[in-house]
Structure formats: C-alpha cells, structure tokens
Amino acid sequence: MKRLVVLVFSLWIVLAFTIASQVGASELGASELHEGSQIFTTHCVGCHVNGGNIVRRGKTLKLKALQKNQMDSIPAIVDIVTNGKANMSAYRDRLTEHEIQVVAAYVLERAEQNWKPD
Ligand code: HEC
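Reading guide: rules and limits
- Residues numbered from 1 in each chain as written.
- Predicted model: local features only at pLDDT ≥ 70, side-chain atom pairs only at ≥ 80, totals over all residues.
- Near = placed C-beta within 6 Å.
- Helix = DSSP H or I, 4+ residues; strand = E, 2+ residues; numbered from the N terminus.
- Nonpolar A, V, L, I, M, F, W, Y, C, P; charged D, E, K, R; others polar.
- Expected span 1.5 Å × (residues − 1).
- Buried ≥ 20, exposed ≤ 12 C-beta atoms within 10 Å, placed from the backbone.

Draft legend 1. Spotlight on the site of the ligand. Taken together, the neighbourhood of the ligand is formed by 25 residues, with C44, C47, N69, A86 and M88 sitting nearest. Counting residues per element, the ones that place at least two in the shell around the ligand are helix 3 (45-48), helix 4 (63-68), helix 5 (74-83) and helix 6 (97-112). For the shell around the ligand, the per-class residue count stands at 15 nonpolar, 7 polar and 3 charged.

Below you can see the structure in the form of structure tokens.
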C-alpha cells in the first residue's frame, strides 16, 4: 500500500513537472528562466529568500500576496523593481530593462509554482 502511494505520488510529480515546464516554456524560455534565476539570486534573494519577504511580512512573492497586492502581473513587478517602493530600492540603475523583464517573469513563474525548489 505504501509503495502504491509512493508510486502514484511520483507519477503525479512527473506529470505536474511536465505540464509546468510546458506552460513555462511558452512564456519564458529555459535560458531566460536561468538568467532570471541568476538575477534573482544576485539582487533579490537577500530580502526575498524562497519567495518570502524578510523586511515586510505581508509583501511576499507568493502568488496569494502578489494577487492581494495587485503585483501578480509582469508590468506590476517590472514597475516595483524599476522604481522601488518603501523599503525596497529601485533597480533602474543596476539592471537593464531586459534584466528587469526577465526577473519579473521569473518571479511570476516561481510564484505560480508556489516557489517549490527547482
Ligand atoms: C532590501 C530588501 C529588498 C530587496 C533586495 C528586494 N526587495 Fe522586493 N520588496 C522589499 C520590500 C520591503 C517590499 C515591500 C514594499 C512595500 O512596502 O510595498 C518588497 C516588495 C516586492 C514585491 C511586491 C510584493 C507584494 O506582495 O506586494 C515584488 C514583486 C518584489 N519586491 C520583487 C523584488 C525583486 C524582483 C527584487 C530583485 C530585483 C527585489 N524585490 C529586491 C524588499 C526588497
């Protein structure tokens, strides 16, 4: 019985992953996803580790918080990253427009997958 549960669960993971990667691929290519991940690690992870927010607890990068705060779109994330907000500084001098687009898409993509480990 336990083995069956494990088997079904593994199949589910594989399936979920296949679907997720197909959906992801249509929005963001694998190389851009990788680029987004690197930008995030360099510039954002200090405050947003695992999609959280160590400075303001309610303003995480989890899908629920993004939706609640009207941050669940690429333009909204591009805007906050470009111009900053409250304790989050602006990145317009540190990142190119392209980099901001890519990291915004990356954040949304990870949020949609509930920040599960890669
Ligand atoms: C110095 C800490 C810090 C860093 C570094 C940082 N942020 Fe933030 N971030 C914050 C804070 C604080 C807020 C909440 C701002 C507010 O008061 O609305 C926030 C909010 C956000 C939000 C909106 C979240 C919500 O639920 O409303 C997004 C999206 C976001 N940050 C993305 C990023 C990205 C992408 C990077 C890297 C380019 C980044 N942040 C770097 C501190 C930081």
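Draft legend 2. Fine view of helix 6. When the terminal C-alpha atoms of helix 6 are compared, their 23 Å separation across 16 residues agrees well with the 22 Å that a helix rising 1.5 Å per residue should span. For helix 6, the set of buried residues is I100, Q101, V102, V103, A104, A105, Y106, V107, L108, R110 and A111. Looking one or two residues beyond helix 6, the residue adopting positive phi is N114, at roughly 55 degrees.

Draft legend 3. A look at the environment of I80. With respect to the element layout, I80 can be found in helix 5. With 19 C-beta atoms packed within 10 Å, I80 lands in the partly exposed category. Here the alpha-carbon distance between I80 and A104, two residues 24 residues apart in the chain, equals 9.5 Å.

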